[in-house]
Amino acid sequence: MTSADPALHLPPGLSAERRDLLVEVVERNDAAHGPALLGLILSGSVARGLATERSDLDVYVVLTDEAAADRRTTHSATVDEVPLALSELEELPTFGSEGWWYRWSFAWAPVIDDRTGGTLASLAHAQATVSPTEAREILVDHDRLDGWINYAYRALKSDRDGRALERRLDAAESVPWLLDTVFTLAGRVRPYHKYLPWELEHHPLPGWTAEELLGLLRRTLDGDPSAIRETFDRVEAACRAFDRSLAEPALAPIVDDWGSELALFRG
(Lines give C-alpha, C1' and ligand atoms only; values in the text may rest on other atoms or scores of the structure.)
Protein backbone atom coordinates (compact mmCIF):
# COMPACT_ATOMS: atom_id res chain seq x y z
CA MET A 1 0.00 0.00 0.00
CA THR A 2 1.24 3.51 -0.83
CA SER A 3 0.01 7.01 -0.03
CA ALA A 4 -1.68 7.00 -3.43
CA ASP A 5 -3.60 3.79 -2.68
CA PRO A 6 -7.25 4.48 -3.60
CA ALA A 7 -8.42 2.26 -0.72
CA LEU A 8 -7.48 5.04 1.70
CA HIS A 9 -9.54 8.20 2.00
CA LEU A 10 -7.09 10.82 3.19
CA PRO A 11 -8.18 14.42 3.71
CA PRO A 12 -6.84 16.96 1.23
CA GLY A 13 -3.99 19.23 2.15
CA LEU A 14 -1.91 16.68 4.05
CA SER A 15 1.83 16.94 3.73
CA ALA A 16 3.58 14.04 2.03
CA GLU A 17 5.16 13.17 5.37
CA ARG A 18 1.81 12.88 7.12
CA ARG A 19 0.27 10.95 4.24
CA ASP A 20 3.09 8.44 4.38
CA LEU A 21 2.80 8.21 8.16
CA LEU A 22 -0.91 7.41 7.91
CA VAL A 23 -0.20 4.74 5.32
CA GLU A 24 2.38 3.28 7.70
CA VAL A 25 -0.18 3.24 10.54
CA VAL A 26 -2.69 1.41 8.34
CA GLU A 27 -0.14 -1.13 7.13
CA ARG A 28 1.19 -1.79 10.64
CA ASN A 29 -2.28 -2.40 12.05
CA ASP A 30 -3.26 -4.48 9.05
CA ALA A 31 -0.25 -6.72 9.61
CA ALA A 32 -0.91 -6.95 13.36
CA HIS A 33 -4.67 -7.58 13.25
CA GLY A 34 -5.67 -8.76 9.79
CA PRO A 35 -9.44 -9.29 9.57
CA ALA A 36 -9.86 -7.93 13.12
CA LEU A 37 -8.98 -4.47 11.83
CA LEU A 38 -12.25 -2.77 10.90
CA GLY A 39 -10.88 0.62 9.95
CA LEU A 40 -9.23 3.84 11.06
CA ILE A 41 -10.70 7.26 11.85
CA LEU A 42 -8.55 10.38 11.80
CA SER A 43 -9.36 13.00 14.43
CA GLY A 44 -7.67 16.04 15.94
CA SER A 45 -6.29 19.13 14.25
CA VAL A 46 -4.88 17.31 11.24
CA ALA A 47 -8.29 15.89 10.34
CA ARG A 48 -9.82 19.36 10.33
CA GLY A 49 -7.12 21.28 8.52
CA LEU A 50 -5.93 23.12 11.64
CA ALA A 51 -2.58 21.41 12.08
CA THR A 52 0.62 23.24 12.91
CA GLU A 53 4.14 21.88 12.75
CA ARG A 54 3.65 20.73 16.36
CA SER A 55 0.46 18.76 15.68
CA ASP A 56 0.54 14.99 15.87
CA LEU A 57 -1.85 12.54 14.25
CA ASP A 58 -4.80 11.32 16.34
CA VAL A 59 -5.98 8.01 14.92
CA TYR A 60 -8.75 5.75 16.22
CA VAL A 61 -7.94 2.14 15.32
CA VAL A 62 -11.30 0.35 15.25
CA LEU A 63 -11.03 -3.36 16.00
CA THR A 64 -13.29 -6.26 16.80
CA ASP A 65 -14.06 -6.45 20.50
CA GLU A 66 -11.76 -9.46 20.95
CA ALA A 67 -8.81 -7.77 19.26
CA ALA A 68 -9.29 -4.49 21.14
CA ALA A 69 -9.38 -6.14 24.55
CA ASP A 70 -5.60 -6.25 25.00
CA ARG A 71 -4.69 -3.04 23.19
CA ARG A 72 -3.64 0.20 24.83
CA THR A 73 -3.25 3.71 23.45
CA THR A 74 0.24 4.31 22.08
CA HIS A 75 1.78 7.79 22.05
CA SER A 76 4.69 9.17 20.08
CA ALA A 77 5.84 12.60 18.94
CA THR A 78 4.09 12.10 15.60
CA VAL A 79 1.04 9.88 16.16
CA ASP A 80 -1.34 8.75 18.89
CA GLU A 81 -3.07 5.46 18.11
CA VAL A 82 -6.22 4.89 20.14
CA PRO A 83 -7.62 1.33 19.92
CA LEU A 84 -11.40 1.30 19.87
CA ALA A 85 -13.67 -1.71 20.01
CA LEU A 86 -16.56 -1.65 17.60
CA SER A 87 -18.99 -1.97 20.51
CA GLU A 88 -17.50 1.19 22.05
CA LEU A 89 -18.14 3.09 18.84
CA GLU A 90 -21.71 1.81 18.81
CA GLU A 91 -22.34 3.04 22.36
CA LEU A 92 -23.50 6.64 22.80
CA PRO A 93 -22.43 8.04 26.19
CA THR A 94 -25.09 10.24 27.72
CA PHE A 95 -24.77 13.94 28.45
CA GLY A 96 -22.78 14.58 31.59
CA SER A 97 -21.14 11.16 31.60
CA GLU A 98 -17.39 10.66 31.35
CA GLY A 99 -17.66 9.58 27.73
CA TRP A 100 -19.82 12.48 26.57
CA TRP A 101 -16.89 14.76 25.74
CA TYR A 102 -15.27 12.13 23.55
CA ARG A 103 -18.26 12.14 21.23
CA TRP A 104 -17.27 15.36 19.52
CA SER A 105 -13.89 13.91 18.55
CA PHE A 106 -15.80 12.02 15.84
CA ALA A 107 -17.43 15.15 14.40
CA TRP A 108 -16.26 15.87 10.86
CA ALA A 109 -13.58 13.20 11.37
CA PRO A 110 -12.71 11.37 8.14
CA VAL A 111 -12.80 7.58 8.09
CA ILE A 112 -9.55 7.01 6.25
CA ASP A 113 -9.94 3.24 6.02
CA ASP A 114 -13.36 1.58 6.29
CA ARG A 115 -13.61 -2.20 6.01
CA THR A 116 -17.24 -2.35 7.15
CA GLY A 117 -18.97 -1.09 4.05
CA GLY A 118 -19.83 2.29 5.51
CA THR A 119 -20.78 1.25 9.03
CA LEU A 120 -17.87 3.16 10.60
CA ALA A 121 -18.85 6.40 8.91
CA SER A 122 -22.45 6.01 10.12
CA LEU A 123 -21.35 5.27 13.68
CA ALA A 124 -18.93 8.20 13.74
CA HIS A 125 -21.71 10.49 12.54
CA ALA A 126 -24.04 9.16 15.24
CA GLN A 127 -21.45 9.94 17.92
CA ALA A 128 -21.48 13.62 16.98
CA THR A 129 -25.24 13.83 16.51
CA VAL A 130 -27.83 14.62 19.17
CA SER A 131 -31.16 12.89 18.63
CA PRO A 132 -34.43 14.68 19.46
CA THR A 133 -34.80 12.46 22.53
CA GLU A 134 -31.28 13.33 23.69
CA ALA A 135 -31.94 17.00 22.96
CA ARG A 136 -34.94 17.02 25.25
CA GLU A 137 -32.95 15.29 28.00
CA ILE A 138 -30.08 17.79 27.69
CA LEU A 139 -32.20 20.91 27.52
CA VAL A 140 -34.92 19.90 29.99
CA ASP A 141 -33.69 17.15 32.30
CA HIS A 142 -30.16 18.55 32.54
CA ASP A 143 -31.44 22.13 32.73
CA ARG A 144 -29.08 23.52 30.09
CA LEU A 145 -31.72 25.86 28.69
CA ASP A 146 -32.97 27.04 32.07
CA GLY A 147 -29.41 27.30 33.34
CA TRP A 148 -28.44 29.57 30.47
CA ILE A 149 -31.49 31.78 31.03
CA ASN A 150 -30.63 31.96 34.73
CA TYR A 151 -27.06 33.18 34.20
CA ALA A 152 -28.13 35.56 31.44
CA TYR A 153 -30.85 36.95 33.71
CA ARG A 154 -28.35 37.48 36.52
CA ALA A 155 -26.06 39.36 34.15
CA LEU A 156 -28.92 41.62 33.08
CA LYS A 157 -29.91 42.26 36.69
CA SER A 158 -26.35 43.26 37.52
CA ASP A 159 -26.34 45.57 34.51
CA ARG A 160 -29.60 47.15 35.68
CA ASP A 161 -28.17 47.65 39.16
CA GLY A 162 -24.85 49.09 37.98
CA ARG A 163 -22.67 46.13 38.97
CA ALA A 164 -20.28 45.95 36.05
CA LEU A 165 -17.97 43.20 37.32
CA GLU A 166 -20.83 40.96 38.40
CA ARG A 167 -22.51 41.53 35.01
CA ARG A 168 -19.42 40.37 33.16
CA LEU A 169 -18.87 37.37 35.42
CA ASP A 170 -22.42 36.09 35.03
CA ALA A 171 -22.39 36.78 31.29
CA ALA A 172 -19.19 34.77 30.93
CA GLU A 173 -20.63 31.99 33.10
CA SER A 174 -23.63 31.80 30.78
CA VAL A 175 -21.61 30.99 27.67
CA PRO A 176 -21.03 27.24 28.21
CA TRP A 177 -24.74 26.80 28.92
CA LEU A 178 -25.56 28.79 25.80
CA LEU A 179 -23.27 26.69 23.62
CA ASP A 180 -24.81 23.49 24.94
CA THR A 181 -28.23 24.92 24.15
CA VAL A 182 -27.65 26.15 20.61
CA PHE A 183 -25.69 23.08 19.49
CA THR A 184 -28.26 20.75 21.04
CA LEU A 185 -31.07 22.61 19.29
CA ALA A 186 -29.17 21.99 16.05
CA GLY A 187 -28.86 18.27 16.83
CA ARG A 188 -25.10 18.41 17.29
CA VAL A 189 -22.61 17.79 20.09
CA ARG A 190 -20.94 20.99 21.20
CA PRO A 191 -17.31 21.21 20.00
CA TYR A 192 -14.24 21.77 22.10
CA HIS A 193 -13.44 25.48 22.36
CA LYS A 194 -10.34 25.04 20.21
CA TYR A 195 -12.51 23.99 17.28
CA LEU A 196 -15.52 26.26 17.85
CA PRO A 197 -14.64 29.02 15.35
CA TRP A 198 -13.58 26.43 12.76
CA GLU A 199 -16.83 24.49 13.08
CA LEU A 200 -19.03 27.56 12.92
CA GLU A 201 -17.18 28.81 9.85
CA HIS A 202 -17.15 25.48 7.99
CA HIS A 203 -20.39 23.99 9.34
CA PRO A 204 -22.63 26.87 10.50
CA LEU A 205 -25.53 26.19 12.82
CA PRO A 206 -28.92 26.54 11.11
CA GLY A 207 -30.13 30.10 11.41
CA TRP A 208 -26.76 31.54 12.44
CA THR A 209 -23.80 32.65 10.40
CA ALA A 210 -20.41 32.13 11.99
CA GLU A 211 -19.92 35.89 12.12
CA GLU A 212 -23.23 36.41 13.91
CA LEU A 213 -22.79 33.77 16.59
CA LEU A 214 -19.09 34.42 17.23
CA GLY A 215 -19.82 38.13 17.43
CA LEU A 216 -22.57 37.58 20.00
CA LEU A 217 -20.29 35.31 22.02
CA ARG A 218 -17.52 37.91 22.08
CA ARG A 219 -19.92 40.66 23.11
CA THR A 220 -21.46 38.42 25.77
CA LEU A 221 -18.03 37.68 27.21
CA ASP A 222 -17.59 41.45 27.45
CA GLY A 223 -20.84 41.64 29.40
CA ASP A 224 -22.77 43.46 26.67
CA PRO A 225 -26.46 43.36 27.69
CA SER A 226 -27.65 44.01 24.13
CA ALA A 227 -25.85 40.83 23.00
CA ILE A 228 -27.59 38.83 25.73
CA ARG A 229 -30.98 40.18 24.68
CA GLU A 230 -30.36 39.56 20.99
CA THR A 231 -29.22 36.03 21.73
CA PHE A 232 -32.27 35.41 23.90
CA ASP A 233 -34.62 36.44 21.09
CA ARG A 234 -32.99 34.00 18.70
CA VAL A 235 -32.79 31.13 21.16
CA GLU A 236 -36.41 31.62 22.20
CA ALA A 237 -37.50 31.43 18.56
CA ALA A 238 -35.43 28.26 18.07
CA CYS A 239 -37.00 26.69 21.17
CA ARG A 240 -40.51 27.36 19.93
CA ALA A 241 -39.59 25.94 16.53
CA PHE A 242 -38.21 22.83 18.27
CA ASP A 243 -41.46 22.40 20.14
CA ARG A 244 -43.44 22.31 16.91
CA SER A 245 -41.99 18.87 16.23
CA LEU A 246 -43.26 17.52 19.58
CA ALA A 247 -46.66 16.25 20.63
CA GLU A 248 -46.47 18.62 23.62
CA PRO A 249 -44.21 21.65 24.01
CA ALA A 250 -41.14 21.07 26.16
CA LEU A 251 -38.96 24.16 25.81
CA ALA A 252 -41.39 27.07 25.52
CA PRO A 253 -42.80 26.32 29.01
CA ILE A 254 -39.29 26.67 30.44
CA VAL A 255 -39.03 30.13 28.91
CA ASP A 256 -42.58 31.13 29.83
CA ASP A 257 -42.12 30.04 33.45
CA TRP A 258 -39.85 33.05 33.91
CA GLY A 259 -42.99 35.16 33.69
CA SER A 260 -42.56 38.84 34.44
CA GLU A 261 -38.79 38.39 34.80
CA LEU A 262 -38.64 38.15 31.01
CA ALA A 263 -39.12 41.90 30.88
CA LEU A 264 -35.38 42.23 31.43
CA PHE A 265 -34.78 40.22 28.27
CA ARG A 266 -37.31 42.21 26.28
CA GLY A 267 -35.33 45.37 26.94
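Residues numbered from 1 in each chain as written. Predicted model: local features only at pLDDT ≥ 70, side-chain atom pairs only at ≥ 80, totals over all residues. Heavy atoms only, no water.

**Concerning the pairing of strand E4 (residues 79–85)**
Of all seven residues making up E4, six are buried, and the element is well covered by its neighbours. The sheet contact formed by strand E2 (residues 57–63) and E4 spans seven bridges and is parallel. By the bridge assignment for E4, Val59 is matched with Glu81. The pairing of strand E3 (residues 74–75) with E4 spans two bridges and is classified as antiparallel. Paired with Thr74 across the two strands is Glu81, which belongs to E4. (Buried < 20%, exposed > 50% of the residue type's maximum accessible area, 1.4 Å probe, protein only. Helix = DSSP H or I, 4+ residues; strand = E, 2+ residues; numbered from the N terminus. Pairing = 2+ DSSP bridges.)

**Thoughts on helix H10 (residues 210–221)**
In this model, H10 (twelve residues) spans 16 Å end to end at C-alpha, consistent with the 16 Å of a helix rising 1.5 Å per residue. Buried within H10 are the following residues: Ala210, Leu213, Leu214, Gly215, Leu216, Leu217 and Thr220. Taken together, the buried residues of H10 touch helix H8 (164–185), helix H9 (196–202) and helix H11 (225–243). Of the residues flanking the end of H10, it is Gly223, one or two places downstream, whose phi is positive at about 80°. (Expected span 1.5 Å × (residues − 1). Contact = heavy atoms within 4.5 Å.)

**Topic: the pattern of salt bridges**
Counted under the stated rule, the structure contains 18 salt bridges. Measuring nitrogen to oxygen at the nearest pair gives 2.9 Å for the salt bridge that ties Arg115 to Asp113. Here the salt bridges do not stand alone but share partners, grouping Glu236, Arg240, Asp256 and Arg266 into one network. (Salt bridge = Lys/Arg side-chain N within 4 Å of Asp/Glu carboxyl O.)

**A few points about H8**
Taking 1.5 Å of rise per residue, 22 residues should cover 32 Å, and H8 covers 31 Å from first to last C-alpha, within 8% of that figure. Of all bends in H8, the biggest is about 30°, found at Pro176. Gly187 sits one or two positions beyond H8 and adopts a positive phi of about 75°. (Bend = angle between axes of the 7 residues up to and from the residue.)

**A closer look at unusual backbone geometry**
A positive phi angle is found at Trp108, which is not glycine, with a value near 55°. Inspection of the secondary structure assignment puts Trp108 in the loop between helix H4 (86–90) and strand E5 (111–114). Within the chain, Asp143 stands out as a residue other than glycine whose phi angle is a positive 60°. Here Asp143 lies in the loop between helix H6 (132–141) and helix H7 (144–160).

**Considering the confidence of the model for the protein**
The pLDDT averaged across the protein works out to 94; a share of 98% of its residues lies at or above 70. Within the model, pLDDT remains below 50 along residues 1–6, and this stretch shows eleven contacts once partners closer than five positions in the same chain are excluded. (pLDDT = per-residue confidence, 0-100.)

**As for the sheet that holds E2**
Ordered in space as E3-E4-E2-E1-E5, the five strands form an open sheet in which the pairing is mixed. Of all strands in the sheet, those bounded by a partner on one side alone are E3 and E5. In the packing of helix H1 (residues 16–33) onto the sheet, the strands contacted are strand E1 (37–43), E2, E4 and E5, and the crossing angle to E1 comes to about 155°. Sheet contacts for helix H5 (residues 119–127): E1, E2 and E5; angle to E5, the most-contacted strand, approximately 140°. (Axes fitted to C-alpha atoms, helices over the stretch in contact; angles between N-to-C directions.)

**Examining the side chain of Asp243**
Mapping Asp243 onto the fold places it in helix H11. Look at Asp243: it is buried, it has no salt bridge, and the nearest opposite charge is Arg240 at 6.1 Å. A distance of 2.7 Å separates a polar side-chain atom of Asp243 from the backbone nitrogen of Ala252. (Lys, Arg positive; Asp, Glu negative; His and termini not counted. Polar contact = N/O pair within 3.5 Å; in protein donor to acceptor, adjacent residues only side chain to side chain.)

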